[in-house]
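# Summary of structural features
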Amino acid sequence: MTIFKEKLDEEFLTFAETKELLDEVEADRALDEDREMRYELARAIEHVNRFTVLDPEESLELVEELQTLEKVDEATAYKIANLLPEDRTELRSVYAKQRYTLDGEELDEILNVIAKYV
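The following refers to the structure shown.

Cut-off values and rules
Residues numbered from 1 in each chain as written. Predicted model: local features only at pLDDT ≥ 70, side-chain atom pairs only at ≥ 80, totals over all residues. Heavy atoms only, no water. Axes fitted to C-alpha atoms, helices over the stretch in contact; angles between N-to-C directions. Helix = DSSP H or I, 4+ residues; strand = E, 2+ residues; numbered from the N terminus. Parallel < 35°, antiparallel > 145°, perpendicular 65-115°, else oblique. Left-handed = near helix turned anticlockwise from the far one by under 90°. Contact = heavy atoms within 4.5 Å. Nonpolar A, V, L, I, M, F, W, Y, C, P; charged D, E, K, R; others polar. Polar contact = N/O pair within 3.5 Å; in protein donor to acceptor, adjacent residues only side chain to side chain.

### Things to note about the packing of helix H3 (residues 56-67) against helix H6 (residues 104-117)
Close contact between H3 and H6 brings their axes to 10 Å; oriented N to C, the two are set at 160 degrees. As far as their axial angle goes, H6 and H3 are roughly antiparallel. Between H3 and H6 the crossing geometry is right-handed. Taking contact as the criterion, the partners of Glu58, Glu61, Leu62, Glu65 and Leu66 in H3 are, on H6, Ile110, Val113, Ile114, Lys116 and Tyr117. A class-by-class count of the residues in the contact of H3 with H6 yields 6 nonpolar, no polar and 4 charged.

### Details of the side chain of threonine 52
Tracing the chain through its elements places threonine 52 in the loop between helix H2 (39-51) and H3. At 2.5 Å, the side chain of threonine 52 and the backbone oxygen of valine 48 are in polar contact. Apart from the residues lying within four places of it in its own chain, the contact partners of threonine 52 are Phe15, Ala16 and Lys19.

What follows is the structure, given as structure tokens:
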């Protein structure tokens, strides 16, 4: 017997947005001394604290600018904004599961957009 949970909503978030949300959760938990943080929550907070580079406004601007490019859809734009690849090899790994590959000019165009924000 398989039990499936129904997906009610889906929304992409950048690390910066996630960090803001988790900071609120962490602050709420800190107010209640009897309530411990679960391991998964503590690890998620540690992860976003370590890897968040941009502030939420900058990260959303980056996502919007990336989406104006031809071969960057919403999910890929958020993935790129979270990973902030520095070279062609790192950027190619983002597109590894896609049915198409980007040529050098397209990769450079995306990297130039990223360079504006980093």
